[in-house]
Structures are given as structure tokens and as C-alpha cells.
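# Remarks on the overall topology
Next come the chains, spelled out residue by residue.
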Amino acid sequence: MSSPAPKAWSQRFESALHPAIADFNASITFDIELLEYDLNGSVAHAKMLAQTSIISISEAEQLVAGLEQIRQEHRQGHFNPTVDDEDVHFAVEHRLIEIVGDVGKKLHTARSRNDQVGTDIRLYLRHKVDAIRTQLRAFQQALVDQAERHIDTIIPGYTHLQRAQPLSLAHHLLAYVEMAQRDWERLGDLRHRINLSPLGCGALAGTPFPINRAYSAELLGFEGIYRNSLDGVSDRDFAIEFTAAASLIVVHLSRLAEEIILWASAEFSFVKLTDTCSTGSSIMPQKKNPDVPELVRGKTGRVFGHLQSLLVMMKGLPMAYNKDLQEDKEPLFDTVKTVQSCLEAMTILLQEGLEFQAERLASTVTTDFSNATDVADYLAAKDVPFREAYNLVGKVVRHCLANNQLLKDLSLEEWQELHPAFEDDIYAAIAPRQVVAARKSYGGTSFEQVRLALSEARQRLLEV
Ligand code: ARG
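Residues numbered from 1 in each chain as written. Predicted model: local features only at pLDDT ≥ 70, side-chain atom pairs only at ≥ 80, totals over all residues. Heavy atoms only, no water.

## Points about the site of the ligand
Test applied: The rule for a residue being near a molecule or strand is that one of its heavy atoms must lie within 4 Å of it. Polar contact is defined as a pair of N or O atoms within 3.5 Å, subject to the rule that within protein one atom must be able to donate a hydrogen and the other to accept it, and that residues adjacent in sequence are counted only when both atoms are side-chain atoms. Accessible surface area values rest on a Shrake-Rupley calculation with a 1.4 Å probe, where residue burial reflects the displayed protein chains alone. Each helix is a run of DSSP H or I of at least 4 residues and each strand a run of E of at least 2, with the numbering of both proceeding from the N terminus. Note that Gly is not counted as nonpolar here; it falls among the polar residues with everything else outside the nonpolar set of Ala, Val, Leu, Ile, Met, Phe, Trp, Tyr, Cys and Pro and the charged set of Asp, Glu, Lys and Arg.
Neighbouring the ligand are S27, D31, D87, H89, R113, N114, V117, Y321, Q326 and K329. Between the ligand and the protein, one listed contact pairs a nitrogen atom with a side-chain N or O atom of D87 at 3.0 Å. Note that an oxygen atom of the ligand is positioned 2.4 Å from one of the side-chain N or O atoms of Y321. A total of 340 Å² of accessible area belongs to the ligand in isolation, and the protein chains cover 86% of it. Broken down by element, the residue count for the shell around the ligand peaks at 3 residues, all from helix α6 (residues 113–149). Split into classes, the residues belonging to the shell around the ligand amount to 2 nonpolar, 4 polar and 4 charged.

This is the structure:
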């Protein structure tokens with residue numbers, strides 16, 4: 001680019017900005033991210049100005065052509081504004097005037113950077129929300145594909161990280177499909193509140209020009225327009241909502257990450273990490289580290305931090321625009337980048353990074369007491385009141401532990417001494433596969449329910 005841009009507002013000032021203050025004030029180093037959206041917003045604004053005869057059609061055409069030229073320059077890497085441009089909006093205006101001459105000075109008629117920047121971040125975020133929703137679908141698909149392969153794989157189920165009851169591994173994985181479904185729906189819901197046009201709110205009070213806000217909103221694909229100009233330029237609720245929804249996405253990813261880290265340890269040995277998704281140690285040659293899930297778990301903090309930043313940025317702001325709002329961008333951009341990279345990495349990890357150790361998993365549940373509830377259920381089904389049955393089984397477990405035995409090791413005589421209702425079928429009832437198969441209640445882990453849940457999940461994934 002040629003000459004340093006004189007500040008658009010510099011005529012009112014007697015001296016130039018202190019260079020350090022110019023740097024401090026500028027947002028161009030990060031808001032260049034908004035360039036394409038800023039161009040889209042300006043194209044729509046120019047068309048609206050012509051549609052309402054505020055400028056001529058030929059002037060609008062020149063503006064649009066100039067804006068499109070900037071888009072090409074940017075895509076080819078030739079549009080490189082500096083801090084002299086202050087922000088992306090001034091950078092575009094400056095370059096536009098260089099390209100199209102004086103007519104370029106008409107673009108900012110009936111507009112302020114305040115409604116302009118609000119428009120840009122909404123267009124940006126709407127686009128990113130759509131991309132993240134697509135990624136959530138891919139993540140769910142990867143979970144469903146793994147679940148499909150592991151309907152019959154048994155995994156210990158835990159509460160308090162203590163062995164509780166055995167599960168179908170597919171059931172476990174499908175729990176994450178549900179979490180991601182809520183994330184997908186939440187983003188779809190908040191998208192409506194992102195998708196409102198502040199364009200035409202002006203600096204804060206509207207404009208005396210006969211603009212057509214509905215027209216520019218429609219050109220930009222907005223679902224509606226802000227009803228109040230003050231609210232339009234100062235609302236960042238949608239950014240906070242998005243960051244809150246993003247926080248939940250990373251919470252869900254981090255929970256799965258934590259499980260994978262545990263599962264990959266020698267202590268659990270439930271899963272082996274493939275070479276494409278794990279890394280080595282610089283000193284311990286035997287190591288294979290779960291860096292991917294660890295990074296996912298580690299990155300959650302910055303997303304929560306961004307939510308906090310945005311909340312604090314907003315809480316004391318008087319009406320309407322305040323420069324504090326320039327601080328919305330970096331948290332938002334980093335949240336988007338972090339969520340997108342975590343979703344991508346976890347999807348790849350699910351697709352090709354994990355080898356579940358089915359035999360090891362199956363053998364774990366044959367050597368514990370995770371079938372104890374089933375003994376109580378067995379008696380309860382034979383009309384022994386559940387609490388009585390529960391107490392009796394508690395005693396049996398204690399007896400087994402003292403004698404280094406498992407429930408399946410008790411002889412039929414021993415069972416019958418404990419309660420006459422026990423019969424030979426007790427052994428089948430407490431076999432791990434039967435323990436899983438028995439939980440046929442809706443949403444439970446029985447193989448039958450899991451197949452049903454899988455087909456419902458697959459159906460839901462078709463929704464866009
Ligand atoms: N760079 C500014 C921002 O990101 C653009 C809006 C500036 N508006 C103003 N009145 N100074 O918020």
C-alpha cells in the first residue's frame with residue numbers, strides 16, 4: 001500500500017497521535033480477520049444507499065467494484081494494512097478511496113464504525129457457528145461409527161470412579177453423542193440472536209438519511225433488524241452466549257479427553273493409541289503420550305477465560321458504544337479457533353487414534369463385583385423386598401472379599417443357604433453379558449436399547 005493513511009478523523013486534531021498510543025489504539029493487527037465480512041457489509045450498505053437514492057446507481061457500482069478489488073487483493077496477499085490504518089474499517093475505506101477516487105468517500109454516508117463493526121462480528125460469528133455445527137456433526141459421526149463397532153464390547157461402568165455396573169461400550173460413547181447434540185442445538189438456537197442486523201443504527205441514534213435497514217439486512221441474510229439503535233450498537237450478548245456455548249462444547253470434549261487419557265494408561269489399558277495420534281517422550285524411550293486429549297483438556301481454560309473476559313468487559317458499560325468493545329474480538333476469535341481445532345483433533349482421534357482392547361475390557365468385568373446389583377435384582381424379582389435383598393448381598397460381598405472369592409465362585413448350596421429363592425439360573429443372571437443385556441429400560445445399556453439408540457442417533461445426524 002502507498003502513503004500512510006491520514007486518520008479519517010485527523011482534521012479535528014492539532015497534532016498527530018503519539019506513536020505508542022496509535023499502536024495501543026489500533027485493532028488492525030487482529031480485526032483484519034473481519035475483512036471479508038467488512039467487505040460484505042459495505043457492499044450491502046452501498047447497494048442500500050443506491051436503492052434509497054442516497055447515492056446514484058453508478059456510484060454504488062463503483063463502490064462495489066472497488067470493494068471487490070480489495071477482496072481480490074486480500075486473497076492474493078496484496079492487501080496489507082498497517083497500524084496507520086487503525087482498524088479494518090479505516091483500512092478498507094482508505095484503500096477504496098485510492099482505488100475509486102472521491103466517490104469512495106461516499107461509502108460511509110449514513111453509517112458509523114459502531115454499527116459497521118457490529119455487523120462485521122455478527123457476519124463473522126454466524127459463519128463460524130455454521131462451520132462449528134458442521135464439525136459437531138462430524139464429531140458425532142465419528143462417535144457413532146465407533147459405537148457401531150463396539151455394541152458388543154463390554155466396558156466397566158463407573159460412579160465415583162469406582163466400578164459400578166458393566167456397560168456396552170457403544171452406550172458409553174453414545175452419551176457423548178447426546179452432549180454434542182445439545183451443543184449443536186444450542187448453537188442453532190443462539191444463531192437466531194446473532195443473526196440480527198445493527199446496520200443503520202449509526203453511531204448510536206440512527207441517521208437522518210432515508211435508509212432502508214430491512215433491505216441491507218436482507219442482502220446480508222439477516223433474519224431481522226435491531227429495533228433500538230442504542231441496543232443495536234452496544235449489544236454483545238450474542239458473543240457471550242456463543243462463548244458460553246463454546247465453553248460447554250470444550251467441557252464435553254475435555255471429559256472425553258480425560259477418559260481417553262485414563263483408558264490409555266497401563267493401569268486401565270482399555271485403549272491403545274495409534275501412532276498417528278500419539279507422541280513420544282524426549283527422554284523415556286518406552287513412552288507413548290496422549291498429547292491430543294491432554295491438549296484438548298488443557299485448552300478448556302482459555303475458552304472459559306474468554307467467557308469471563310467478555311462478561312467483565314460488558315458489565316459496567318454505559319450506553320452506547322465504548323471503546324472497551326474493541327476487546328470483544330480477540331477472545332471471540334481465539335474461542336472460535338480453539339473450539340474448531342479441538343473438535344477437529346478429537347474427531348480424528350476417534351476416527352483413527354484409538355484401538356479399544358476388547359478382550360482386556362471383557363476380562364475386567366469378570367473379576368469384580370459389578371454384578372452385585374443383579375443379585376439383589378434377582379431376589380427382588382422373586383418378591384424379596386429390594387432393601388432386604390440389598391442388605392443380604394452386601395453380606396455376601398463381604399464374605400467373598402474375606403475369602404478372596406467372586407460372586408460366581410459361590411456354590412448353589414452356598415447361595416441357597418443365603419436365601420432359599422436362589423436357583424441354578426443365578427449364574428446366568430450374573431454373567432457380565434447378561435448383566436448388560438438385562439438393562440432393557442428405555443435409555444439403558446442393553447444391547448437391544450443400544451441398537452435402538454444408535455439408529456435414532458444416525459437418524460438425528462441427518463438433520464442439518
Ligand atoms: N475498531 C473499533 C472496534 O473494534 C471499531 C469501532 C470504533 N468506533 C469508535 N467509535 N471508535 O470496536
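The rest of the description comes next.
## Focus on the pairing of strand β2 (residues 162–168)
Our working definition: Two strands pair if DSSP finds at least two bridges between them.
Inspection of the sheet shows strand β1 (residues 154–159) paired to β2 by 6 bridges, in the antiparallel sense. Across the sheet, P156 pairs through a bridge with P166, a residue of β2.

## As for the environment of M319
Where we set the bar: Contacts are assigned to residue pairs that have any heavy atoms within 4.5 Å of one another.
Its place among the elements puts M319 in the loop between α11 (291–315) and α12 (329–353). As a C-alpha pair, M319 and L462 span 143 residues in sequence and 44 Å in three-dimensional space. When sequence neighbours within four positions are dropped, the list of residues in contact with M319 reads L230 and S234.

## Here's the deal with the nonpolar core
Rules: By convention a nonpolar core is built from buried Ala, Val, Leu, Ile, Met, Phe, Trp, Tyr and Cys residues, the set being connected through side-chain atoms within 4.5 Å. Type-normalised accessible area, obtained with a 1.4 Å probe on protein chains alone, sets the label of each residue: buried when under 20%, exposed when over 50%, and partly exposed for intermediate values.
Judged by nonpolar contacts, the single largest core of 107 residues is most densely connected at L125, F139, L187, F242 and M346. Take this core: its biggest share by element is 13 residues, from helix α10 (residues 237–263). The residues contacting F242, other than those within four sequence positions of it, are L125, V129, I132, L187, L190, L332, T335 and V336. With 20 residues, the next largest nonpolar core counts Y378, L392, V393 and F422 among its residues.

## Section: the packing of α11 against α12
Our working definition: To get an axis, a line is fitted to the C-alpha atoms, and for a helix only the part in contact is used. The angle between two axes follows their N-to-C directions and goes from 0 to 180 degrees. Any angle that is under 35 degrees is reported as roughly parallel, and any over 145 degrees as roughly antiparallel; angles of 65 to 115 degrees are reported as roughly perpendicular and all others as oblique. For any helix crossing, the convention is left-handed if the near helix is rotated counterclockwise from the far helix by under a right angle, and right-handed if that rotation is clockwise.
Following both chains from N to C, one finds α11 and α12 inclined at 155°, their axes separated by 9 Å at the closest point. Taken as axis vectors, α11 and α12 run roughly antiparallel relative to one another. Of the two elements, α11 crosses α12, and the hand of that crossing is left-handed. Packed against α11, whose contacting residues are V292, P293, V296, K299, R302, V303, H306, S309 and L310, the element α12 presents P331, L332, D334, T335, T338, C342, A345, M346 and L349 at the interface. Of the residues assigned to the contact of α11 with α12, the class counts are 11 nonpolar, 4 polar and 3 charged.

## Examining a nonpolar patch on the surface
Stated formally: To count toward a patch, a residue needs a relative accessible area above 30% and no salt bridge. Like charges then connect within 9 Å, nonpolar side chains (Val, Leu, Ile, Met, Phe, Trp, Tyr) within 5 Å. When a carboxyl oxygen of Asp or Glu is within 4 Å of a side-chain nitrogen of Lys or Arg, the pair counts as a salt bridge.
Nonpolar side chains collect at one region of the surface, where L204, L230 and M319 lie side by side and expose about 270 Å² of accessible area between them. In this fold, L230 is placed in helix α9 (residues 229–234). A relative accessible area of 31% places L230 in the partly exposed class.

## Focus on the packing of aromatic side chains
Two aromatic rings, taken as a pair, are described by how far apart their centres are and by the angle between their planes. Just so we agree on the cut-off: Two rings from Phe, Tyr or Trp (for Trp, the six-membered ring) form a pair when their centres sit within 6.5 Å of each other. Planes less than 30 degrees apart are called stacked, planes more than 60 degrees apart edge-to-face, and all others tilted.
The tally for this structure, following the rule as stated, stands at 8 aromatic pairs. When the ring of Y124 is compared with that of F333, the centres are 4.9 Å apart and the planes differ by 65°; the resulting orientation is edge-to-face. Pair noted here: Y124 is in helix α6 and F333 is in helix α12, with a separation of 209 residues, a long-range link. Using a relative accessible area of 1% as the deciding quantity, one classes Y124 as buried.

## A look at unusual backbone geometry
In this chain, M319 is followed by A320 through a cis amide linkage whose omega measures -5°. Residue position: A320 is located in the loop between α11 and α12. Unlike most non-glycine residues, A110 shows phi in positive territory, near 60°. Relative to the assigned elements, A110 resides in the loop between α5 (88–100) and α6. Residue A110 is classed as buried on the basis of its relative accessible area, which comes to 9%. One non-glycine residue, L161, lies in the positive phi region at around 55°. As for its placement among the helices and strands, L161 is situated in the loop between β1 and β2. Given a relative accessible area of 53%, L161 falls into the exposed group.

## Let's talk about the environment of A380
Examined against the element boundaries, A380 turns out to sit in helix α14 (residues 372–381). Residue classification places A380 among the partly exposed residues on the basis of a relative accessible area of 26%. Along the backbone, A380 and E327 are 53 residues apart, and their C-alpha atoms lie at a distance of 62 Å. If sequence neighbours within four positions are ignored, A380 has contacts with F386 and A389.

## Concerning the side chain of T300
Within the element layout of this structure, T300 appears in helix α11. Given a relative accessible area of 10%, T300 falls into the buried group.

## Observations concerning the pattern of salt bridges
Evaluation of the coordinates by the stated rule reveals 28 salt bridges. Measuring nitrogen to oxygen at the nearest pair gives 3.3 Å for the salt bridge that ties D183 to R186. With D183 and R186 both in helix α7 (residues 169–194), this residue pair falls 3 residues apart, about one helical turn. Three or more residues are tied together by salt bridges with common partners; here these are E36, E68, R71 and R75.

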